Amino acid sequence: MRAITVRDRDAGVGGLALTDMPHPQAAVNDVIVRVHAAGFTPGELDWPTTWADRAGRDRTPTIPGHELSGVVAELGYGTTGLTVGQRVFGLADWARDGSLAEYTAVEARNLAPLAADVDHTLAAALPISGLTAWQALFDHGHLTTGQTVLIHGAAGGVGSIAVQLAREAGAHVIGTGRAGDRDLALSLGAHAFLDLDADDLRHAGQVDVVFDVIGGDVLQRSAERVRPGGTLVSIAMPPTVQPEDGRAVFFVVEPDRARLADLAERLRTGRLRPVVGAVRPLEEAPSAFARHPRTRGKTIIRITDEHGGQQS
């Protein structure tokens, strides 16, 4: 099968190449998915799990990408809850070969069914962003109706989903970003927007939850915005500051089949809109990794069309 692989950690993005790889084998409780569309995180070539398995053993050449949407092609021994030919989407394990390939092996519990009227391209943009946003706001931030949330990077892949989920939950939503992000953030449901280059973060006032995806100085200054009893949640880095009489949380997103199914239904009914940027064929994935970080929307790699043909 065709796949994007990387063999040299020091080469970074320059080491990505389209190669032929053996067809994956399904372990117990796995399924083999024929991938139609895949997503990736530009920084994942720096993750330790890209280069080693859970026992610390080198696993190069490695296939990056962890978000996928496609069709179940094979079932591993003991796999239940899914059937061959079923449309699915979800997360590939961090420490195994990923989704930038024509086929990939995924634990069945990390996948959720996908309705026939949901496009694979949109579905592939949802797993990491959707689960991260939900877990940040509700599992860790405990956001409830009537509270105020400050969401940094409100027009980005994760932030844009968080804005929509928080607005639907009945929270007052303040988004941040660059000046060019204002219109998109407001259109997604933010009640107010602050330009991180020009506006004083103190204009946000006191909030119940801060959701940080940026880190650094923005994270440091955000702790002061959390009112007593509130929560600062970051996925960028472990907070080194603690809100007064509040909590500071750092987490890494976890798979959740039930929540994926809920997000897919929101997508299908128009209650959730992932921000998709470029859609590129598999052979262009290396250059997609190297794109400018301020490019709007999540880049999706289209690998197989709905009828089983290769994208080119």
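Residues numbered from 1 in each chain as written. Predicted model: local features only at pLDDT ≥ 70, side-chain atom pairs only at ≥ 80, totals over all residues. Heavy atoms only, no water.

(A) Expanded view of the pairing of strand S5 (residues 87–91). Among the 5 residues of S5, 5 are classified as buried, and the element is accordingly described as predominantly covered. Taken together, the 5 bridges between strand S4 (residues 67–75) and S5 define a ladder with antiparallel strand orientation. In the strand pairing of S5, Glu 67 is matched with Leu 91. Direction of pairing for S5 relative to strand S7 (residues 111–113): antiparallel, over a ladder of 3 bridges. What sits directly across from Gly 90, in S7, is Leu 111. (Buried < 20%, exposed > 50% of the residue type's maximum accessible area, 1.4 Å probe, protein only. Helix = DSSP H or I, 4+ residues; strand = E, 2+ residues; numbered from the N terminus. Pairing = 2+ DSSP bridges.)

(B) Highlighting the nonpolar core. Grouped together as the largest cluster of nonpolar side chains are 44 residues, with contacts concentrated most on Phe 89, Leu 137, Leu 143, Val 149, Ile 151, Leu 165 and Ala 166. Those elements that place two or more of their residues in this core are S5, helix H2 (127–140), strand S8 (148–151), helix H3 (157–168), helix H4 (182–188), strand S11 (207–212) and helix H6 (257–268). For this core, the element with the most residues is H2, which contributes 7 residues. Filtering out sequence-adjacent residues up to four positions away, Ala 166 remains in contact with Leu 137, Leu 143, Val 149, Ile 151, Ala 171 and Val 173. Counting 29 residues, the second largest nonpolar core, distinct from the first, contains Val 6, Leu 45, Val 106 and Phe 289. (Core = buried A, V, L, I, M, F, W, Y, C linked by side-chain atoms within 4.5 Å. Contact = heavy atoms within 4.5 Å.)

(C) Representation of the packing of aromatic side chains. Here the structure, examined in full by the defined rule, presents 3 aromatic pairs. For the ring pair Trp 47 and Trp 94, a centre distance of 5.6 Å and an interplane angle of 85° mean the geometry is edge-to-face. Of this pair, Trp 47 sits in the loop between strand S3 (30–39) and S4 while Trp 94 sits in the loop between S5 and strand S6 (103–107), placing them 47 residues apart in sequence. Residue Trp 47 is classed as partly exposed on the basis of its relative accessible area, which comes to 25%. Residue Trp 94 is classed as buried on the basis of its relative accessible area of 18%. Directly above the ring of Trp 134 sits Arg 259, whose terminal nitrogen or CZ lies 3.7 Å from the centroid. (Phe/Tyr/Trp six-rings, centres within 6.5 Å; stacked < 30°, edge-to-face > 60°. Lys NZ or Arg CZ within 6 Å of the ring centre and 35° of its normal.)

(D) Broad picture of unusual backbone geometry. Residue Pro 61 is bonded to the preceding Thr 60 through a cis peptide linkage, with omega at 0°. At Asn 29, a position not held by glycine, the phi torsion is positive, near 70°. With respect to the element layout, Asn 29 can be found in the loop between strand S2 (16–20) and S3. Despite not being glycine, Asp 245 shows a phi value in the positive range, around 60°. Mapped onto the elements, Asp 245 comes out in the loop between strand S12 (226–234) and strand S13 (247–250).

(E) Representation of H6 in the model. End to end, H6 covers 16 Å across 12 residues, agreeing with the expected 16 Å (1.5 Å per residue, within 8%). Taken together, the buried residues of H6 touch S5, S7, helix H1 (120–124), H2 and H3. The N-cap residue of H6 is Asp 256: its side-chain oxygen and the backbone nitrogen of Ala 258 are 3.2 Å apart. Taken from the residues just after H6, Gly 270 is the one with a positive phi, measuring 85°. (Expected span 1.5 Å × (residues − 1). Polar contact = N/O pair within 3.5 Å; in protein donor to acceptor, adjacent residues only side chain to side chain.)

(F) Main features of the environment of Val 158. Inspection of the secondary structure assignment puts Val 158 in helix H3. The sequence separation of Val 158 and Pro 274 amounts to 116 residues, and the corresponding C-alpha distance is 8.9 Å. What Val 158 contacts, discounting residues up to four positions off in sequence, is Ser 129, Thr 132, Ala 133, Phe 211, Val 213 and Ile 235.

(G) Focus on the packing of H2 against H6. Close contact between H2 and H6 brings their axes to 10 Å; oriented N to C, the two are set at 105°. The angle between the axes of H2 and H6 places the two elements in the roughly perpendicular class. Contacts between H2 and H6 involve Pro 127, Gly 130, Leu 131 and Trp 134 from the first element and Arg 259, Leu 260, Asp 262, Leu 263 and Arg 266 from the second. Of the residues that constitute the contact of H2 with H6, the class distribution is 5 nonpolar, 1 polar and 3 charged. (Axes fitted to C-alpha atoms, helices over the stretch in contact; angles between N-to-C directions. Parallel < 35°, antiparallel > 145°, perpendicular 65-115°, else oblique. Nonpolar A, V, L, I, M, F, W, Y, C, P; charged D, E, K, R; others polar.)

(H) Structural detail: the environment of Gln 147. One can find Gln 147 in the loop between H2 and S8. Dropping the residues within four chain positions of it, Gln 147 is found in contact with His 142, Ala 171, His 172 and Asp 208.

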